[in-house]
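# Structure at a glance
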Amino acid sequence: MMAASLLRRDKKSTAAHLKAELNRTDNSSGVHQLQELLDSVLNPERPAGDTGALEWCKCLLAGGEVFEEFCKTVRSYDNATLCGLVWTANFVAYRCRTCGISPCMSLCAECFNNGDHTGHDFNMFRSQAGGACDCGDSNVMRESGFCRRHRSKTGTNVPSVPRDLLLMSEMVLPRFIIYIIQYLRDGYSEPDPVSDRDLQKVLQKLEPQISFLEELTKMGGAMRTVLTKILTNQQSYKDLTMGQEENVHAKKNYDKYLSALKSSGLVSSDEKNVSGVIELAAGAGALSILGAAAGDPVESSVEDDQDGSQGVGQRKRVKLSSSTKDPSIMDVLKHKCFLEELLFWTIKYEFPQKMVTFLLNMLPDQDYKISFTRTFVQHYAFIMKTLMKSHESDTMSNRIVHISVQLFSNEELARHVTEECQLLDIMVTVLLYMMESCLVKSELQDEENNRHVVVNCGEALLKNNTYWPLVSDFINILSHQSVAKKFLEDQSLLMLWMSFVSFFQGMNLNKREVNEHVEFESQTYYAAFAAELEACAQPMWGLLTHCKVKETQEYTKTVVRYCLETLQIWFDSVNFVDEPAPHQVSFHLPLHRYYAMFLSKAVKCQGLDLDSLLPDQEMLMKIMIHPLQIQASLSEIHSNMWVRNGLQIKGQAMTYVQSHFCNSMIDPDIYLLQICASRLDPDYFISSVFERFKVVDLLTMASQHQNAVLDPEHERPMLEGALTFLVLLLSLRIHLGMADDDILRAEMVSQLCMNDRTHSALLDLIPENPNPKSGIVPGSSSFEAMLSAVADFKAPVFEPGGAMQQGMYTPKAEVWEKEFDPIMVILRTVYRRDVQTAMDRYAAFLKESGFFSGNPWPPYKERTPLHPCYKGLARLLHCKTLHIVLFTLLYKISMDHQNMSEHVLCMVLYLIELGLDNVLQEEPEEEEPCIEEHCHDSWFPGTNLLSNLHHVINFVRVRVPETAPEVKREPPASTSTDSSSFAQTSRRFSGLQRQNSGTAQVFSLVAERRRKFQEIINRSSGEASQTVRPKSSATKWIPHGSTPQLTTAILEIQESMISLLIKLHHKLSAKQNSFCPPWIEDPEAFVRLDSVKYSHGDGISAIERILTKAALRTRQNKRCIQEICMKISPPVPPKRNGPADKKTMDKEERRQKARERQQKLLAEFASRQKSFMETAMDVESPDADVAMDLGSSEQQDSEILYDCVICGQSGPSTEDRPTGLVVLLQASSVLGHRCKSTEPKKLPTSDEEHIYPVDTCAATHDVRLTTLQRFFNDSSCLQSVSIGWEGGVYVQTCGHTLHIDCHKSYMESLRNDQVLQGFSVDKGEFTCPLCRQFANSVLPCYPGRGVEKAPCQTPSNKNLPVLVKEVEDLQEQLGTFSSETNLSREMESVIKDIKNTTQKKYMDYSKNPGSPDNDFLFMYSVARTNLELELVHRGGDLCCGGASAAAKRSCLNQLFHVLAMHMRLYSIDSAYNPWTRLTQLTQKRDSHVCNDERPEVPLLFRDVPSLLIIFVLTMPQPLHKEHFTCIVKVLYTLQYIHAIAALSVKFSAEERLAWKNSGALKKHTSDAEKSWEVLLSHGISELSKGNRFYEVATEEISMISSSIWSPQSIEYALQQFCLPFLRISSLLQHHLFGDDLPSCLSEEEFPVLANCLGILPSAFQPSNQLHSASCLDWSVSAFEIISQWCSEVTEFADINAEHAVTLVVQDPHWTAPRLLHLPENYNTIFQYYHRKACTFCNKVPKDPALCLVCGTFVCLKGLCCKQQNCCECVLHSQHCGAATGIFLLINASVIIIIRGHRFCLWGAVYLDAHGEEDRDLRRGKPLYLCEERYKVLEQQWVSHTFDHINKRWGPHYNGL
């Protein structure tokens, strides 16, 4: 009842009344009233969209005030010290690594800009998932980085909150929150699967309510405190949510909530009692670890996939039911407060953005932060369960991480929840639960009896990275030391974790396809590599970070122990004994890698003894097999043995070594193999390697053999692979004792040697520790210091083609000389071709610096010494098996057996040299050869390489096919297999050398290996260890399937390794006795050995280096070498045995020859290209081709011959078959953008700055034409000015000519060509057939002689009046045209093209549409535009003289002919012909006759260069030089008087009077007509006749000028005023008559041009100072004609003085066109424009862009600003640049060019500190303006060469 009356009252007064009631001491009635009111207002049965409830809440909170005022008041009590601003995806934020404690730290732009981060390592980034500002939070960042606002502890000086201010809030808000919760409960219906759309609808209705909550959080600390109290108060939650049984709606609501809760446990109730359980694990299976804590037998159910359609062989899906120690994780959730239920519904509704923002906005409140983190952890399992089911898992993942990163980055908080809420247990359990959903039976090794389960990489969970948020959180909390220690101390957790890792062991198994190509290439390998890196490797690196010191030894020991246990379980469950299954490989062995990395850390950082952590020999043998299998498979893949598995297998091989994966994959694998090699028997290890690589059968002395497992074409690459692997294994020191800095240096050098790199590419390619807290962060000081130590910076430069280089780093010379390490390069190359590139670069360096000019071999590099723990590795180099292999290979190479290559020899020598450098210490230095009795087997006496080098091997027994040549050569007696009987026959050789062992050698690698393995197994199982070593010859292992027609042959060898090396030296150098080192005769020479001589070079120097080292190490070797060298060696090896061998030998030679031929051809080609470029290169258009010098070199009277570039014929251009120039017509507004000031306009970067376009050339000319058209005859106006400043047509050519009929057929063929071209053939576009320059029209060449060459100064014998008369007569001749010819038709069509080039609005200036005057104006303006542009390209003056760079390719001559032909169609009515008014005194016409018609434009208002062009083009062609000079002379007089009139306006009244009088005195001297003083005086007096003219002038001028005019300054001003006219005239004369332009200094320009034009007085001496007036030549009385011209002005001035003055004073000078001046730092532009609203649509554009010509801000691709179906950028380019636009894209920092209907990405003018672009601001580093690039952009704009220089154009379809 009472509520009803309250509801009727006005909301404000009710609120005020209730507030007063509640403020009393006895407030029970107030409370009661409020509750009743709220019951009715916040009734959940009303629809959520009803906003009344919200209005009531606002009023009640404000307690009668206005809500906005209330907000302000609350804000004033804000005591927060954190910023906490929350943002969503795509927000631009900052991260400073210098200030951050946590790697996830981020700052909003405001806090970043208000803090001091100068010199810090920071970057700007676009948030992917959203985030929050950490400013003020000292847990996450250092206080020095706080901004000004959060640095001062704001909380301290804020007054405390008055009690009554938030009283209402405390009462009303709990009800408001339960009101929201009830809606959320109501909208959710559990049993039927809810569609996403329904949930979205519920959320949309609640939008205003949730936004209101968000608004409240922004009121600051005081309000957040109230909200925290409410959200965490358990009592009020209980009262409000439970005790409402009587209310039916509330009851139903509560039931819905309970049913939603049911499924919140990790294992739902119906899953718990699974029947049909099968025992999977036997004994201590891998799965028992999962249940270890609970101790119950492990149950596990295997369910078949429901999908019956899949074949019988369908993999079984395995489901594990795990029981962990913390059952609460599994159970249904229970909620105790609003916060918990709110989070629950947030999860159920899949994290709506507004809710997430609300929950995060509360975080600055510490109490809330702790409660919320607990709640989040409590719901963690439920979150992940929901995520797995979600359809929008990507969006949801981002929102989850958005929250979790805020909570878990804080170490204190993370530690707190780890201790209190078992966070680690929860995470590991949930991870296991997640992966269990996609386990399958492993097929590795033993398919039938395999008990191991692995994840199935094809599942959505792995393919879509759904596990990412969980793993990311796990890595985040492991980065805190306190949490990681907890994890490492908790043994059951570690066991769980190991079992999790074992799910990935052996996943994504590849089986080699041997018969046919695989049907479907699976792409699951991406998922597999990502999963191992993220779910296994990164947590591993996280843990390793905390195992760096001695104190943490125990942790390492524990992890290693569990690794070994889990590995043992794995070997058992895949049924592994000793041989890996053939034809299969998995690149994923995370357990091996955990083991390896923890071992590495133990030795490197914790000083543990390696042996204490290693298992027994048998286990080591097992551990070795799979990593070795991967290395062999890599070699197989690169040898194309897996080609039938498709491209994806190559992808895996590349990913395995790629920079982001290598230190978690290949590096630990190789390290593990190094450990195995150092601890196992070396003979066993070496033979295992060759067996794995399948090249055992190849290692025979026989010239022929049979390989059971390899095709012949794979033998050589596999042998190379095996040897290279051994070299890698023995050379790499990454985990064997190198310091971190050395590793970084080696990595950097290897990357730089492959290619010059940009800074960012280098950062990306150097494998860094994936864990962010590891110390070597990209961009850290050690990285920069190392980079500057090994590399030189090459600044970004331009190539002639206009391609823009980035700033690159290139290795320093001493790095090439001393540090280039081909082994490291081989390890790190993803593409095999990079190894070759590195070698080529190395060769180029050696050539350049004069070290070596041939084809070098990979240099041998000394290694850092091994860490004592790994000394055993060197034993590999000193074992007989390896020596036998090396000997065999040396022998095979010297005998030219097939399948040997330079690479094989190179690796053999490398291994020998490694052996010489790593001598085992145990043996005495010099040992006498062994006595025969000691020899166990007959190859070598001992294991030391030094003594084995000179050991001679006499006979070897080999198994060969019966067809082999060796068989025939042997006497029958020696075929006996019994070695003893053979021993007698060989006795006669025993005298040869002391070391001779007398028996023939037989060796079988595999047998050796088997024997060793047996031995170890026996020893370890405690049987008699003294087993008799069987004779190696007895256990010859014959591979199954090999053809049995093998027979035994005995080869006579009589060589030692040293003798073979010397033979090879002879062979390589192709000379007898080539090896003759100085130390053979001279022992002293040893001391003087020059190491540099040997360190770079080819095989010859490698052999010399090895022999020298061998001689240095022992006297025995030295003696042996001397003996061999003393004997005169017989000819090199016997002739090749058969054609097959001949082939292989010749192959190398042929290759060498081919290489030389190719070099020669390339050199020839390069020199031809160079000479071609020299003739063709120029500034304007870098890709132009040899241009035809159009006829200037021809004889005067001969016709010009043109070459057609299509048909190749040469001939003149005729009327019937005209030839044309390939031209590009383009509209241009470049001239219109010129200004008066020399400084370019600045780009505005604040609201105060603006750009005003009124002072541009185009605007000025527009105003001028409009003014003239207001007062004068339209037709006369249109001949008084030029247009084309905006939208003028510019014509340029590449200089090539073609027949026009040839061109038409060429266009036809282009039309039929289906290839996608970058241009539109329908618009007439094509590329020049010869030089491929872009073009769109053909300009016909006028038949006849070319340009008329006339001597510059022909003294014309006719006087001026005669010439004037002739010109007048010529003008009156009507245009006479022969009947229509092909030529005239083509000329017409070009005119049409020219008109179509620009827009209609740039051609229509007449008041009468369609008037011929329009056409006339447009035509002569085209000529003007082209002349003016050429002037601009020459730098604005003609001082440089000569043919301009473009003159060779100028087409102006042809263009004038075409225009002239067209303009002669219009004859100028003689009454209006300006020529008569210029050269004759006319009687004043009666003014009343033409009252109705407007007057003509006075001559002094006309544009003189325009008149010149009109006269030239309307006279019959070709024009005579004398007539041209006559026109120039007459027009010069007009230009001069124009100058005088304009100048006189600038004087003050007194000055004007003074000059008028001083000139009048000289009026009657002889040369008065050529004295500027007299003319000035006359002009002033004539213009003074109009009273108004100078009055207005004085008013205007008094503001401008206060300077005093001297005679010199007046003369200078007059010359400057006339110069533009002289320049245009000279250019015109240059093009019409081919006169050269002399070069001169800028101060001499006036006399030189006057001389060139023939207007200089003949008496002029160069030494005198020239007066501009002396060039005047009057055809009638000067004073009278001046009076006539001035009277026209004064007549007009009497009516309209202001306009008369502005029309007279036009300054013809403009500075060169410039683009806007940009700020130095890109951030200035970005911060101002990226949030700026578009002026047109008032929205912030998604892709904002800036026009760099005029500074307009536009929306790129914005549909909001689309007009006439054109987007804004395209429209603007038409308006501002006549279809050429240059735009800077704000969010991408790149520039795009729009040219007509095409566009291209030009590149960036802002580069970072390392000279690199940052497209799309991905790296976010500070960018600075690159002046050179900006100049190039401006130059391309001014010279109109965008089309030629930029190659990648595409159509924009008006969509930009």
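Small disclaimer: the values here were computed from a predicted structure and weren't measured.

### Observations concerning the overall build of the chain
Broken down by element type, the chain carries 70 helices and 29 strands. Taking all 1856 residues of the chain together, the buried fraction comes to 56%. Of the contacts formed within the chain by residues at least 6 apart in sequence, a portion of 79% connects residues at least 24 apart. Element-wise, carbon and sulfur atoms account for 52% of the exposed surface of the chain, whose accessible area totals about 78,600 Å².

### Considering the environment of Ala-1539
For Ala-1539, the location among the structural elements is in helix H59 (residues 1521-1546). For the pair formed by Ala-1539 and Cys-1618, sequence separation is 79 residues and the distance between their alpha carbons is 7.0 Å. Setting aside anything within four residues of it in sequence, one finds Ala-1539 in contact with Leu-1614, Phe-1617 and Cys-1618.

### Here's the deal with the sheet that holds strand S25 (residues 1791-1795)
Pairing within the open sheet is antiparallel, and its 6 strands lie in the order S23-S22-S24-S25-S26-S29. A strand with exactly one partner marks an edge of an open sheet, and here the two such strands are strand S23 (1753-1755) and strand S29 (1850-1851). Inspection of the sheet shows strand S22 (residues 1744-1747) paired to strand S24 (residues 1780-1785) by 3 bridges, in the antiparallel sense. Within the sheet, the bridge partner assigned to Ala-1745 lies in S24 and is Leu-1785. Across the sheet, helix H69 (residues 1827-1838) is in contact with S24, S25 and strand S26 (1798-1803); its angle to S26 comes to roughly 155°.

### Some details on a negative patch on the surface
Side chains of Glu-65, Glu-68, Glu-69 and Glu-215 sit close together on the surface and give a patch of like negative charge. Locating Glu-215 in the fold gives a position in helix H9 (residues 196-217). For Glu-215, a relative accessible area of 37% puts it in the partly exposed group.

### A few points about the pairing of S25
Counting buried positions along S25 gives 5 out of 5 residues, so the element sits mostly inside the fold. In S25, alternate side chains face the same way, and those of Ile-1791, Ile-1793 and Arg-1795 on one face and Ile-1792 and Ile-1794 on the other are all buried. Where S24 lies against S25, 5 bridges are found, and the strand directions are antiparallel. Pairing of Phe-1783 across the sheet is with Ile-1792, part of S25. Following S24, the chain reverses through 5 residues before pairing antiparallel with S25; Ser-1789 in that reversal takes a positive phi of roughly 60°. In terms of strand pairing, S25 meets S26 through 5 bridges, oriented antiparallel. From the neighbouring strand, Ile-1794 faces S26, where its bridge partner is Phe-1799. Linking S25 to S26, which pair antiparallel, is a turn of 2 residues; within it Gly-1796 sits at a positive phi near 65°.

### Some thoughts on helix H68 (residues 1768-1777)
Of all 10 residues in H68, 8 are buried, a share of seventy percent or more. What H68 keeps buried is the set Glu-1768, Cys-1769, Val-1770, Leu-1771, His-1772, Ser-1773, Cys-1776 and Gly-1777. Those residues of H68 that are buried are in contact with strand S17 (1219-1228), S22, S23, S24 and S25. Looking one or two residues past H68, Ala-1778 carries a phi angle of roughly 50°, positive in sign.

### Details of the pattern of salt bridges
Using the criterion set out here, one finds 61 salt bridges in the structure. Between Glu-214 and Lys-218 there is a salt bridge whose closest N-O contact spans 3.8 Å. Of the charged contacts in the structure, one is a salt bridge between Arg-1815 and Glu-1813, with a shortest N-O distance of 2.9 Å. In this structure Arg-1815 comes out as partly exposed when scored by relative accessible area, which is 34%. Accessibility expressed as a relative area gives 9% for Glu-1813, which makes it buried. Each of the salt bridges in this network shares a partner with another, and the network as a whole consists of Glu-862, Glu-913, Asp-917, Arg-1105, Lys-1109 and Arg-1113.

### Considering the confidence of the model for the chain
Per-residue confidence for the chain averages 80 on the pLDDT scale, and 80% of its residues sit at or above 70. Mean pLDDT across the elements of the chain bottoms out in helix H43 (residues 979-985) (28) and peaks in helix H30 (residues 666-679) (95). Overall, residues 772-779 carries pLDDT values under 50, and its contacts beyond four positions in sequence, including any with other chains, amount to 19 contacts. Scored below 50 in pLDDT, residues 1021-1044 makes 22 contacts in the model with residues more than four places away or belonging to other chains.

### Notes on the packing of helix H45 (residues 1057-1069) against helix H48 (residues 1115-1126)
Their axes nearest at 10 Å, the elements H45 and H48 cross at an angle of 45°. Here H48 runs oblique to H45, going by the angle between their axes. Crossing geometry of H45 relative to H48 is assigned as right-handed. Across the interface between the two elements, Ile-1058, Ser-1059 and Ile-1062 of H45 pack against Asn-1117, Cys-1120, Ile-1121, Ile-1124 and Cys-1125 of H48. Across the contact of H45 with H48, the residue classes tally to 6 nonpolar, 2 polar and no charged.

Cut-offs used in this document
- Residues numbered from 1 in each chain as written.
- Predicted model: local features only at pLDDT ≥ 70, side-chain atom pairs only at ≥ 80, totals over all residues.
- Heavy atoms only, no water.
- Helix = DSSP H or I, 4+ residues; strand = E, 2+ residues; numbered from the N terminus.
- Buried < 20%, exposed > 50% of the residue type's maximum accessible area, 1.4 Å probe, protein only.
- Contact = heavy atoms within 4.5 Å.
- Areas by Shrake-Rupley, 256 points an atom, 1.4 Å probe, with all protein chains shown as cover.
- Pairing = 2+ DSSP bridges.
- Axes fitted to C-alpha atoms, helices over the stretch in contact; angles between N-to-C directions.
- Patch = residues over 30% accessible without salt bridge, like charges linked within 9 Å, V, L, I, M, F, W, Y side chains within 5 Å.
- Salt bridge = Lys/Arg side-chain N within 4 Å of Asp/Glu carboxyl O.
- Lys, Arg positive; Asp, Glu negative; His and termini not counted.
- Charge placed at Lys NZ, Arg CZ, Asp CG, Glu CD.
- pLDDT = per-residue confidence, 0-100.
- Parallel < 35°, antiparallel > 145°, perpendicular 65-115°, else oblique.
- Left-handed = near helix turned anticlockwise from the far one by under 90°.
- Nonpolar A, V, L, I, M, F, W, Y, C, P; charged D, E, K, R; others polar.

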